[in-house]
Amino acid sequence: MPTIEIDGKTYEYEGEHKLLQFCLDEGVEVPHFCYHPAMSIPANCRQCLVKVGTPQINRATGEPERDEEGNVKIRWFPKLQASCTVDLQDGMVVQTHRSSEEVKEAQKDNLEFLLINHPLDCPICDQAGHCPLQIQAYKYGPEGSRFEFRKVHKPKRVKLGPRVTLDAERCINCTRCTRFTDEISKSGQLTINQRGVRNYPITAPGETFDDPYSMNTTDLCPVGALTETNFRFKARIWEMSSTPSITTSNATGANCFYWVRDNLVLRITPRQNMAVNEYWLPDEDRLVCDTFNENRPKGPQIRVGGKLTAARWPQAYARAAQELGSVDPSEILFLGSAHATVEDNYLLKKLAEHLGADAPVYIPHVVPGAGDGWLITDDKTPNAQGCERLGIHAVDEAMVRGRLKAGEIKLVYVLEDDPVASGLFSREDLEDVAVILHHYHTTNETLPVADVALPAAMVVETVGTYVNQDGRAQRVRPAKEIR
């Protein structure tokens, strides 16, 4: 098996690898800015420089030549190499900043160049605390700046589109953002304007950066040049907790982190999962923070004298039990939900079986043409596959409406959905029907006709399982408390 030596330690490898990615995979930290494993390699930041050589081979014997002490002689490349572009070779010897003063000085000098025109105002930068440039400057850069002249000024607070804001002075020209729009989202909406120290990413004249994946550029940006417009200056990274979970805006079940401060979800960022969403997250999955924080129910309610009135949980449970026991099981319609967890739908199914009622059905939320064949799907629910695997199938709307008009449905039990907003029923259809709106997340259109309303925990507040469109079961855990 071929081997490579890095800082005096030997590693075995198989297949083809780029040196930088191999180092990162093996836990060997090599500073870098422009490299990303999912995109092309421009090698323009020059921060990942290393010293590379190969054994000096005797042409006559084919064996490595050795010095007087018996050590293999190394033929070093004439210049330091950008490790992101170097292919591994059997017997290759690599020195990083840990074992080479030359590499250490080169990385320090490179950072000094990058910081010449970069604003040195980290305390007021929105990226402070999770900025790769800031972190690497502290770890590998010079202790101070020798630059005593007026810095180049560029456009600031430029709204590239509805969701991304540019501070061009902070750009280090890594081109991650432009490569993302060219190679990943393929919108081609960003390009590099100007040349030399005056360049920065921008849209074409009259063009708006409204790519449905535009906010991924803010994750890719290694400085504070591109930031999320709706999150700017809301919180510092150290003020928030992050919880690994999944998004529920569609059937992909993209892996994410929920960032919470003061029990409010302030930001949603991608979590790497190569089998589901790789490194990316659509904007529609990020822009739902307010739904976790606003219009939330404060407690259970029951209808008294024609009005929904706040009640205690025991009262609400008793009223729900009374309503369920007042009608024949054949006259109960149980509506499961592709928004709810597998566990919640399973318990609803067990309740229907216990009462002798028909199995629950769920309301599909499919918007034809809304998907893009990648991470955005036509199905706007996270757990339709979970429902199907439980034997909870999509509702036959025509049959249900016919039964309702014929008076064959006396009670509708709803789990985490809104049948009025979805168009399954109108409020008038439900005027003579007892409605238990069980586990609703936010104020919705079915609530005004509910007889019993029981609040539910959202994806950021519960433990459970969702099954995405590919049949992959994924667990969620609480990111915030229920209050």
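Each remark here, short or long, concerns the structure printed above.
A quick note: this is a predicted structure, and the numbers were derived from the prediction, not measured.

Regarding the overall build of the protein chain
Thinking step 1. Tallying secondary structure elements over the protein chain gives 12 helices and 24 strands in all.
Thinking step 2. Against the 2.2 N^0.38 benchmark of 23 Å for 483 residues, the protein chain shows a C-alpha radius of gyration of 29 Å, more extended than a compact globule.
Thinking step 3. Here the C-alpha coordinates of the protein chain stretch approximately 95 × 55 × 40 Å along the principal axes.
Thinking step 4. A total of 483 residues make up the protein chain; the buried ones form 50% of that total.
Thinking step 5. Counting only contacts in the protein chain whose residues sit at least 6 apart along the sequence, the fraction spanning at least 24 positions is 62%.

As for the environment of glycine 336
Thinking step 1. Assignment of secondary structure puts glycine 336 in strand β17 (residues 332-336).
Thinking step 2. Its relative accessible area of 0% is what places glycine 336 among the buried residues.
Thinking step 3. C-alpha of glycine 336 to C-alpha of alanine 359: the two residues are 23 residues apart in sequence and 9.3 Å apart in space.
Thinking step 4. Among all residues touching glycine 336, those that are not within four sequence positions of it are Asn345, Leu348, Pro360, Val361, Tyr362 and Leu415.

Describing helix α8 (residues 313-325)
Thinking step 1. With 13 residues, α8 should cover 18 Å at 1.5 Å per step; its first-to-last C-alpha distance of 18 Å lies within 8% of that length.
Thinking step 2. Turning to α8, its buried residues number three or more, namely Ala316, Arg319, Ala320, Glu323 and Leu324. Angular distribution of buried residues about the axis of α8 spans 135°; they occupy a single face of the element. Across from the buried face of α8, at angles greater than 90 degrees, the exposed residues are Pro314, Gln322 and Gly325.

So, the sheet that holds strand β14 (residues 264-270)
Thinking step 1. Pairing is antiparallel in the open sheet, where three strands are placed in the order β12-β13-β14. Two strands lie at the open edges of the sheet, namely β12 (241-246) and β14, each paired on one side alone. Ignoring which end each strand starts from, the neighbouring axes of this sheet average 30° apart.
Thinking step 2. Taken together, the six bridges between strand β13 (residues 255-261) and β14 define a ladder with antiparallel strand orientation. Within β14, the position partnered with valine 260 by the bridge is valine 265.

Examining the nonpolar core
The nonpolar side chains of a soluble globular protein tend to be buried with one another.
Thinking step 1. Phe33, Leu133, Leu160, Leu166, Ile172 and Leu226 are the most contacted members of the largest nonpolar core, which totals 27 residues.
Thinking step 2. When contributions to this core are tallied by element, the ones reaching two or more residues are α2 (101-115), α3 (132-140), β8 (164-166) and β10 (200-202).
Thinking step 3. Among residues more than four places away in sequence, those in contact with leucine 160 are Leu166, Leu190, Ile202, Thr203, Thr208, Phe209 and Leu226.
Thinking step 4. Among the nonpolar cores identified, the runner-up in size contains 22 residues, and Leu335, Leu424, Leu430 and Leu447 belong to it.

What counts as what
Residues numbered from 1 in each chain as written. Predicted model: local features only at pLDDT ≥ 70, side-chain atom pairs only at ≥ 80, totals over all residues. Heavy atoms only, no water. Helix = DSSP H or I, 4+ residues; strand = E, 2+ residues; numbered from the N terminus. Rg over C-alpha atoms; globule rule 2.2 N^0.38 Å. Buried < 20%, exposed > 50% of the residue type's maximum accessible area, 1.4 Å probe, protein only. Contact = heavy atoms within 4.5 Å. Expected span 1.5 Å × (residues − 1). Arc of directions from axis to C-beta. Pairing = 2+ DSSP bridges. Axes fitted to C-alpha atoms, helices over the stretch in contact; angles between N-to-C directions. Core = buried A, V, L, I, M, F, W, Y, C linked by side-chain atoms within 4.5 Å.

By themselves, these are just geometric observations and shouldn't be taken as functional.
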